[in-house]
Amino acid sequence: MAPPRAPPELIADAVAQILLRIPPDEPADLLRASLVCKPWLRVASDPAFLRRYRAFHRVAPLLGFFYSVGCQSYSPLFIPTTAARARPLRLPAHDDHNWLVHDCRHGRVLLWKTHRKFAVWDPITGYLEELPKLEIFYSSFKAVVLCAVAGCDHCDCYSGPFLVVCVGNGHADSAARACVYSSEASAWGTPNSTYLDGGYMYDITRPAVIGDEIYCLVDLGARILKYDLVKHCFSLISLPAEYKKRPLLLQNEDGSLGFAGVTGSRLHLWSRMVNSEGVTGWVPQRVVKLKILPKATEFGFAEGAGVFIMSTKAGAFTFDLKSERVREVGGPRDYSTFFPFISFFTPDYACGKLPLLAETN
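Along every chain, residues carry numbers that run from 1 in the direction the sequence is written. Where local features are concerned, this predicted model is filtered to residues with pLDDT of at least 70; where side-chain atom pairs are given and counted, the filter is 80 or more; whole-chain, interface and lining totals use all residues. Side-chain numbers come from the whole structure's heavy atoms, not from hydrogens or water.

Going by what an unreviewed UniProt entry lists, the protein chain is known as F-box domain-containing protein and is assigned to Urochloa decumbens.

### Side note on the sheet that holds strand S18 (residues 257-263)
Read across the open sheet, the 4 strands follow the order S17-S18-S19-S20; overall the sheet is antiparallel. The outermost strands of the open sheet, each flanked by one partner alone, are strand S17 (248-251) and strand S20 (280-289). Taking the axes of each pair of neighbouring strands and ignoring which way they run, one obtains an average angle of 30° across the sheet. Bridge count for S18 against strand S19 (residues 266-274) is 6 bridges, and the pairing is antiparallel. Counterpart to Val 262 in the pairing with S19 is Leu 267. One requirement defines pairing of two strands: DSSP has to find at least two bridges between them. Each helix corresponds to a stretch of at least 4 residues labelled H or I by DSSP, and each strand to a stretch of at least 2 residues labelled E; elements are numbered beginning at the N terminus. Orientation is described by axes fitted as lines to C-alpha atoms, over the contacting stretch for helices, and by angles from 0 to 180 degrees between their N-to-C directions.

### Some words on empty space enclosed by the protein
With a 1 Å grid laid over protein atoms only, a set of points is called a cavity when a 1.4 Å probe fits there but cannot get out and a pocket when it is open yet has protein on both sides within 12 Å along at least five of seven lines; lining residues have an atom within 4 Å of a point. Grid points are joined across faces, edges and corners, and a volume is the space filled by probe spheres set on the points. By the definition in use, this model includes 3 cavities of 30 Å³ or more. Forming the walls of the largest cavity are 15 residues, and the residues nearest its centre are Arg 206, Leu 248, Phe 299, Gly 300 and Phe 301. By residue class, the composition of the lining of the largest cavity is 8 nonpolar, 4 polar and 3 charged. Only Asp, Glu, Lys and Arg are considered charged in this grouping, and only Ala, Val, Leu, Ile, Met, Phe, Trp, Tyr, Cys and Pro are considered nonpolar; every other residue, Gly among them, is considered polar.

### Some points on the UniProt feature "domain: F-box" (unreviewed entry) in the protein chain
Mapped onto this structure's residue numbering, the UniProt feature "domain: F-box" (unreviewed entry) falls at residues 26-52. Taken end to end, residues 26-52 is 81% helix and 0% strand, and its two terminal C-alpha atoms sit 18 Å from one another. UniProt positions are given in the numbering used here, feature names are shortened, and annotations may be inferred rather than shown by experiment.

Next comes the structure, spelled out in structure tokens:
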């Protein structure tokens, strides 16, 4: 009998259609599929396919989170929220142990060390860019790193131009100050400042960024300080006072400013809305009951992914708002701040190019 014929090979477009539908939430899945054979690897590594893949899935997945431990100086610490495990992280600098994570957004990590020095690190490529010294002094401040491309969907922008915005106040006055660094100009811009009613101290929680507006919690969560990047102006927003634990600022699915507050075992989600008479105020959106909440000490939120991160004495957990699934993702540590890392990890960064992830054994 004649040997059975080998099945015909799939054409490249059919392979692309198959690979295109692999969810990005588990980066190892697309990598394993690309290793089926050389034709599949060629398709999965093609820059045109990768642009198509990111556009098809639209929102980059949550790969994990960086975190701070207490108030100590540590090199960046990372916990994955995928099936992959973390590799030891090393920054491309001899003094990496002096850097602290200060923000994580749009595929970049903002690092800070003493003497008013910032650096922007790309964990995907390993590239680190140290910024010039910030000349103005802040006694209390928050800083964020942002993509500088207008209208960008932030699916594939980590290699493009960026901004670093530092908002804070000085020693003996209540002046709010902001200074912006542009990677295209390689320089800090002229500082903006204004005097606001009352003094304020910046909260350790991560600021929220919505469009061109940056929102920082101040005064132990009693108020929000807003800085408008386009109008270069500040304003203060009050928060409801009934939440004993620190509220968490976030961006709602409709793009509005929101916050999450905890009372007992309930997570209250609010949104800032404008009514028909033009009056702006807070409107309750949803209440979620979770047994873990009374034990939680710190919170974080991954915009776009809709995932909360919280720590307890038993470890770190994630809570997905859509599925309401709770997962344990980290062991017990003295977590103080969470910085979610959201980015695509595709086969063009395989073979050890991505320092964050390795396949599980």
